[in-house]
Every structure is written in structure tokens, then in C-alpha cells.
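The chain contents come next:
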Amino acid sequence: MPSPTKPVLDYSYTSYQQEQQGVSNFPGTNMDADLAELVRSADETIDALADVRRSDGKLKNQVVTPDALSPATLALLRGDGPTGPTGPTGPAGAGTTGPTGLTGATGPAGATGPTGVAGGVGATGPVGATGVTGLTGATGVVGPTGVTGPVGATGPVGPTGVTGATGIGATGPTGPAGATGPTGPTGVTGPTGVTGPTGATGPSGSPLPRVATAASSATPTPNAATTDQFDLTAQAAAAAFAAPTGSPVDGQKLIIRIKDNGTARSLSWNAIYRASTTVALPTTTTINKTIYMGFIYNSADTKWDMVALLDGF
């Protein structure tokens, strides 16, 4: 049997996969990789077989060495025959020991032993070098153009144009005044009605906001009984706001306005001041900027709730 021929891949399943638009689950790349691995394994097997076998099917010359043969086979190859029988011992001489008898003739050579078993197959030769990489498959056809994206949203409507001037029509002439009718007689004066009860006196109004002002304070303390707005105009130290004095009523409002003296000052607050989860109480001033805070008293919770905060004026 001649030496086997190495297999050659002549079809690219990867190219086939690229040509099939829309058939994304065909494993062309994986199939080509598996076939390439089978070809590599077959090539290595053929190369290894060629190390010990000729193209006519027989073993290569000089591949069977003495260390591959059994001791019996090596003896046969050297021509080692069996040892002949020992000759008879001569009679014992009287008196002194007689001379040594002649050495018997060497026995005939033994028959050639049977041919030894064939030596084992030699060790597998080294793996041959990896073959050259095959040519890159053809580039797949260009996929179809994707669909056009949706039309963008309509832009905002432009501002309304200026209203034209109102036309000036001429005012019609005033009609003539009618004649004054005669004055009727004065009626009889009716009796004076009973005076109603006097109404309760309303609360004293505060037409203007009551403003308390200080240049700076380390513990600012507004007085809710006399103050609607509390101002710090040039805060020169850290300010720890204390709880307002007085007896505030539910819904009463208090505005606090702060400006530092050119250096940012830290701000801290008594627990009676409360902020929402939306806007936190400020913890520092902004240099040379005015900050406003609006509070409303919540008598149910005994808290001054901050409802407004604006900074940077």
C-alpha cells in the first residue's frame, strides 16, 4: 500500500455563511475550525507514519536497532550454537596421578534456532512542522442598507409676531342733553333704626414687615413676637442659629437674610429648624452674596419648616 495522501479542504463554510444573508445561526466558522483541526491531526499522523514506513508499505532501513530485539534474537543473529557434550573421564592411573587425558573433540554445532519474533515498532518520530496557513476566504457580500430612521420631532413653534396697531376710528358726536325733569317732593323722614351691637375688635394689623437687623452674631436668635424678617448684614463669624424666642402661632412666617463680610462663614441650626428632603438647610454662606430663607411655623410638630431657599444675590 503506498503512503496515504494528506487531505485538503477545498470549500469554505465561513464564506457560505457570509453569503447567506439573514441565516445567522449557520455555524460556518465553527465547522471550518473543526475541519481544519481534523486535517491537522491527519497530517501529523501521516508524517509520523512516514518516519518508519516506506512508500511500498515496508519498514524503512535502519529503523530497527539492536536494543529493539530480544536476547534470543540477538544470539541467533550472532550464530551462537549450543555447547557440545563433555567427554568421558579417563581411568584413574595407579600410583601417581596419570597424565591428563586428551581434550575431547568439540561437538558438532547445534542446529540453527528458529527465527525470532519481529522487533517492536520503533518510537514515534517528532511531530512535523505545522503546515502553512491557508488562504483567507473571500470577503462576504455587503449586507443590505438598513431602513431609514424615524423623522425627528417637530421643533418648537416660534414666538407670535407683534400685534399690529389698533386702527383709530373717529369718535361720534355727543348727543344733545335731555331736559332736566322737575324735582319731586321730599319724602317723610322715617324713624331712626335701633343701633346694632358693636362687633368684636379685630387683631391689630401689621401693615409693614417688622425687620430686626444685626451686623454679625455667633448665635443669632430671632424673636418671633416682634420680627417678620431677621437680617445679618456682615456676618464675621460662624453662626449657630438658636430657636426663635416668643410664642409663634401656626402658619406664622419668618424670613432670614444673611450676607457675610467677604469671607464664607459656616451656618448651623437648632433642631427646631427643619428642612424637607428636597432642599437642605444651608451650611455656609457664599462670599459677598446674599442668601434668603423662608420659614413657616408648624405648631403640630413644633418646627420652623424651611419652604424657600435662594442664594447668590
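All of these numbers come straight from a predicted model, not from anything done at the bench. (Residues numbered from 1 in each chain as written. Predicted model: local features only at pLDDT ≥ 70, side-chain atom pairs only at ≥ 80, totals over all residues. Heavy atoms only, no water.)

Draft legend 1. Just the overall build of the protein chain, in detail. Each helix and strand in the protein chain was counted, giving three helices and eight strands. In the protein chain, the succession of helices and strands from N to C terminus is α-α-α-β-β-β-β-β-β-β-β. Looking at the protein chain as a whole, 14% of its 313 residues qualify as buried. Long-range pairs, those at least 24 residues apart, make up 53% of the contacts in the protein chain with a sequence separation of at least 6. (Helix = DSSP H or I, 4+ residues; strand = E, 2+ residues; numbered from the N terminus. Buried < 20%, exposed > 50% of the residue type's maximum accessible area, 1.4 Å probe, protein only. Contact = heavy atoms within 4.5 Å.)

Draft legend 2. Just the packing of aromatic side chains, in detail. Following the criterion strictly, the structure yields eight aromatic pairs and no others. Ring centres of Phe-241 and Trp-269 lie 4.4 Å apart, and the angle between their planes is 10°; on these two criteria the pair is classed as stacked. With a gap of 28 residues between them, Phe-241 in strand β3 (residues 239-241) and Trp-269 in strand β5 (residues 267-269) connect regions that are remote in the sequence. Like Phe-241, the residue Trp-269 is buried in the burial classification. Consider the rings of Tyr-297 and Trp-304, whose centres lie 5.1 Å apart with planes at 55°: the pair is tilted. (Phe/Tyr/Trp six-rings, centres within 6.5 Å; stacked < 30°, edge-to-face > 60°.)

Draft legend 3. Representation of the pattern of salt bridges in the model. For the coordinates displayed, the defined rule picks out eight salt bridges. Of the charged contacts, one joins Arg-257 and Asp-231 as a salt bridge, the two residues approaching to 2.7 Å between their closest N and O atoms. Of the two residues, Arg-257 is situated in strand β4 (residues 253-260) and Asp-231 in strand β2 (residues 229-235); the sequence distance between them amounts to 26 residues. Residue Asp-231 is classed as buried on the basis of its relative accessible area, which comes to 3%. Of the charged contacts in the structure, one is a salt bridge between Asp-301 and Arg-274, with a shortest N-O distance of 3.0 Å. Remark: Arg-274 occurs in strand β6 (residues 273-274) and Asp-301 occurs in the loop between β7 (290-298) and β8 (303-310); sequence separation between them is 27 residues. Residues participating in the shared-partner salt-bridge network are Glu-37, Arg-40 and Glu-44. (Salt bridge = Lys/Arg side-chain N within 4 Å of Asp/Glu carboxyl O.)

Draft legend 4. Unusual backbone geometry, seen in detail. Its identity is not glycine, yet Asn-288 carries a phi of approximately 60°, on the positive side. Within the fold, Asn-288 resides in the loop between β6 and β7.

Draft legend 5. Spotlight on helix α2 (residues 28-50). With 23 residues, α2 extends 33 Å between its outermost C-alpha atoms, agreeing within 8% with the 33 Å of an ideal straight helix rising 1.5 Å per residue. Residues Gly-28, Asp-32, Val-39, Asp-43 and Ile-46 constitute the buried set of α2. Packed against the buried residues of α2 are α1 (13-19). (Expected span 1.5 Å × (residues − 1).)

Draft legend 6. Molecular detail of the sheet that holds strand β1 (residues 211-214). Strand order in the open sheet made by the six strands is β1-β2-β4-β7-β8-β6, with mixed pairing throughout. Either end of the sheet is taken by a strand with one partner, and the two such strands are β1 and β6. (Pairing = 2+ DSSP bridges.)

Draft legend 7. Quick peek at the pairing of β4. Residues Leu-254, Ile-256, Ile-258 and Asp-260 of β4 are buried on one face, while the alternating residues Lys-253, Ile-255, Arg-257 and Lys-259, pointing to the opposite face, are not. Where β2 meets β4, five bridges bridge the pair, whose relative direction is parallel. Among the inter-strand pairings, Gln-235 is bridged to a residue of β4, identified as Asp-260.

Draft legend 8. Structural detail: the pairing of β2. Most of β2 is tucked away: five of the seven residues are buried. Here four bridges tie β1 to β2, and the two strands are oriented parallel to one another. Across the sheet, residue Val-211 finds its bridge partner in β2, namely Gln-229.

Draft legend 9. A look at the nonpolar core. Core analysis: the biggest nonpolar cluster contains 19 residues, and Phe-241, Ile-256, Trp-269, Tyr-273 and Phe-295 have the highest contact counts within it. Put simply, the parts of the chain that give this core at least two residues each are β2, β3, β4, β5, β7 and β8. In terms of residues, this core owes the most to one element, β7, which gives four residues. Dropping the residues within four chain positions of it, Phe-295 is found in contact with Gln-252, Lys-253, Leu-254, Ile-256, Trp-269, Tyr-273, Leu-281, Trp-304, Asp-305 and Met-306. (Core = buried A, V, L, I, M, F, W, Y, C linked by side-chain atoms within 4.5 Å.)

Draft legend 10. Geometry of a nonpolar patch on the surface. Together, Ile-255, Tyr-292, Leu-310 and Phe-313 line one region of the surface with nonpolar side chains, adding up to about 380 Å² of accessible area. Along the polypeptide, Tyr-292 turns up in strand β7. The class of Tyr-292 is partly exposed, set by a relative accessible area of 30%. (Patch = residues over 30% accessible without salt bridge, like charges linked within 9 Å, V, L, I, M, F, W, Y side chains within 5 Å. Areas by Shrake-Rupley, 256 points an atom, 1.4 Å probe, with all protein chains shown as cover.)

Limitation: the analysis is restricted to geometry and does not speak to function.
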